[in-house]
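If you want the building blocks of each chain, they are given just below.
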Amino acid sequence: MTDILEGRPETRRRRKAERPQEIIEAAFAEFSRNGYSTTTLDQIAERAGVTKGTIYVYFENKEHLFISMVREFTKSATETVQGMLENHEASTAELLRAQFSFIYEHIVEDRRRREVLRMLIAEAARFPELADRYHAEILSPCLEMLKQAIQRGIDRGEIRNASIINNPQVVIAPIALVDVWLMMFDDRQPLDLKAYFDAHLDVVLNGLLAK
């Protein structure tokens, strides 16, 4: 009965629609196990249960597959943070509090995202084009959203007009430290993420808000 059902046109269409996600999940498993440099499309194809040629139907090459994987993992969170920026009606301080709270709850504690970051750090020197593509397609849009939030506060007179608008990395630098800390020390020197979040937000708001 299963074979008959799988032969139906609607079942084949559904399987085809699911295939890119299945390839991405297989890619994450192989990249995590072997690292970016030693993972091959043949290994990913075998894990996904498809041919190597099928991968090329959806992805140009290994680099495109890796970036597509990262984009897929971050898309939902990015859209949520962007939605907060577009729809928030309260103060900029409350907007930043809501955005950072979401980031800590849904992004900082995401082990899959942290594993991707670990791979990027490990491979950036050997594959600068991969790091550049990550910067252009993933990191830069996130920094732009933060700049927009800060500019919103400046326009409303809630945030002082300072050089921070051109250096939003300073605002999110503590999140990068959390990633490094959790990768290196989590099992021996665990962080109190709630207290860390409160301290981070306190520094951000007291540094940005107009007096």
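To be clear, the structure that these remarks concern was listed above.
All of the points below concern the structure found in this document. Given the structure is predicted, the values throughout are model-derived calculations rather than measurements.

1. Considering the layout of surface pockets
It is a probe the size of a water molecule, rolled over the atoms, that shows where empty space is left. Space inside the largest pocket adds up to approximately 920 Å³. Lining the largest pocket we find 33 residues, and of these Ile107, Arg113, Leu139, Cys142 and Ile172 sit closest to its centre. Those elements giving two or more residues to the lining of the largest pocket turn out to be helix 5 (62-87), helix 6 (92-108), helix 7 (111-123), helix 8 (128-155) and helix 9 (169-185). Per element, the largest residue contribution to the lining of the largest pocket is eight residues, and it comes from helix 5.

2. A closer look at helix 7
In an α-helix, one turn spans 3.6 residues; hence positions three or four apart end up facing the same way. Compared with an ideal rise of 1.5 Å per residue, which puts 13 residues at 18 Å, helix 7 spans 18 Å between its outermost C-alpha atoms and is within 8% of the ideal. Turning to helix 7, its buried residues are Arg113, Arg114, Glu115, Val116, Leu117, Met119, Leu120 and Glu123. In this structure Asp110 caps helix 7, since a side-chain oxygen of it lies 3.0 Å from the backbone nitrogen of Arg112.

3. What to know about helix 8
At Leu139, helix 8 shows its maximal kink, close to 40 degrees; a proline, Pro141, follows between one and four residues later. All of the buried residues along helix 8 are Leu130, Arg133, Ile138, Leu143, Met145, Leu146, Ala149, Ile150, Arg152, Gly153 and Ile154. Check the buried side of helix 8 and you find it contacts helix 5, helix 6, helix 7 and helix 9. Two residues or fewer past helix 8, Gly157 is found with a positive phi of approximately 75 degrees.

4. Digging into the nonpolar core
Among the nonpolar cores identified, the biggest contains 32 residues, and Leu96, Phe100, Tyr104, Val108, Ile150, Val171 and Val178 are the most heavily contacted of them. Among the elements of the structure, helix 5, helix 6, helix 8, helix 9 and helix 10 (193-208) are those that each provide at least two residues to this core. Examining the composition of this core, we find that nine residues originate from one element, helix 6, more than from any other. Not counting residues within four places of it along the chain, the set of residues in contact with Ile150 comprises Ile159, Ile164, Ile165 and Val171. Grouped together as the second largest cluster of nonpolar side chains are 25 residues, Ile55, Phe66, Val70 and Leu120 included.

5. Notes on the packing of helix 6 against helix 10
Contact geometry of helix 6 with helix 10 gives a least axis separation of 11 Å together with a crossing angle of 150 degrees. By the angle between their axes, helix 6 is roughly antiparallel relative to helix 10. Two packed elements cross with a definite hand, and for helix 6 against helix 10 that hand is right-handed. Between helix 6 and helix 10, the residues in contact are Ala93, Leu96, Arg97, Phe100, Ser101, Tyr104 and Val108 and Leu193, Tyr196, Phe197, His200, Leu201, Leu205 and Leu208, respectively. Taken together, the residues that form the contact of helix 6 with helix 10 break down as eleven nonpolar, two polar and one charged.

Calculation notes
- The numbers attached to residues start from 1 for each chain and follow its sequence in the written order.
- It should be noted that, the model being predicted, local features are given only for residues of pLDDT at least 70 and side-chain atom pairs only at 80 or more, the latter also being counted only at that level, while totals for whole chains, interfaces and linings use all residues.
- Side-chain numbers here rest on the full set of heavy atoms in the structure, without hydrogens or water.
- Definitions used for this entry: grid spacing 1 Å over protein atoms alone; cavity, a set of points where a 1.4 Å probe fits but cannot get out; pocket, an open set with protein on both sides within 12 Å along at least 5 of 7 lines; lining residue, one with an atom within 4 Å of a point.
- Grid points are joined across faces, edges and corners, and a volume is the space filled by probe spheres set on the points.
- Secondary structure is summarised from DSSP: a helix means a run of H or I of at least four residues, a strand means a run of E of at least two, and numbering begins at the N terminus for each.
- What a helix should span is 1.5 Å times the count of its residues minus one.
- Note on exposure labels: buried denotes an accessible area under 20% of the residue type's maximum, exposed denotes more than 50%, and partly exposed covers the range between, all computed with a 1.4 Å probe on protein chains only.
- Throughout this description, a polar contact denotes any pair of N or O atoms lying within 3.5 Å of each other; where both atoms belong to protein, one of them has to be capable of donating a hydrogen while the other can accept it, and for residues adjacent in sequence the pair is counted only when both atoms sit in side chains.
- By definition, a residue's bend is the angle between the axes fitted to the seven residues ending there and the seven starting there.
- Contacts are assigned to residue pairs that have any heavy atoms within 4.5 Å of one another.
- To form a nonpolar core, buried Ala, Val, Leu, Ile, Met, Phe, Trp, Tyr and Cys residues must be joined to one another through side-chain atoms within 4.5 Å.
- In this analysis an axis means a line fitted to C-alpha atoms, helices contributing only their contacting stretch, and an angle means the value between N-to-C directions, from 0 to 180 degrees.
- When describing relative orientation, an angle under 35 degrees is termed roughly parallel and one over 145 degrees roughly antiparallel, while 65 to 115 degrees is termed roughly perpendicular and anything else oblique.
- Crossings are assigned a handedness: left-handed for a near helix turned anticlockwise from the far helix by less than a right angle, right-handed for a clockwise turn.
- Gly is placed with the polar residues, together with every amino acid not listed as nonpolar (Ala, Val, Leu, Ile, Met, Phe, Trp, Tyr, Cys and Pro) or charged (Asp, Glu, Lys and Arg).

Everything listed here is a matter of coordinates, which is why it stays silent on function.
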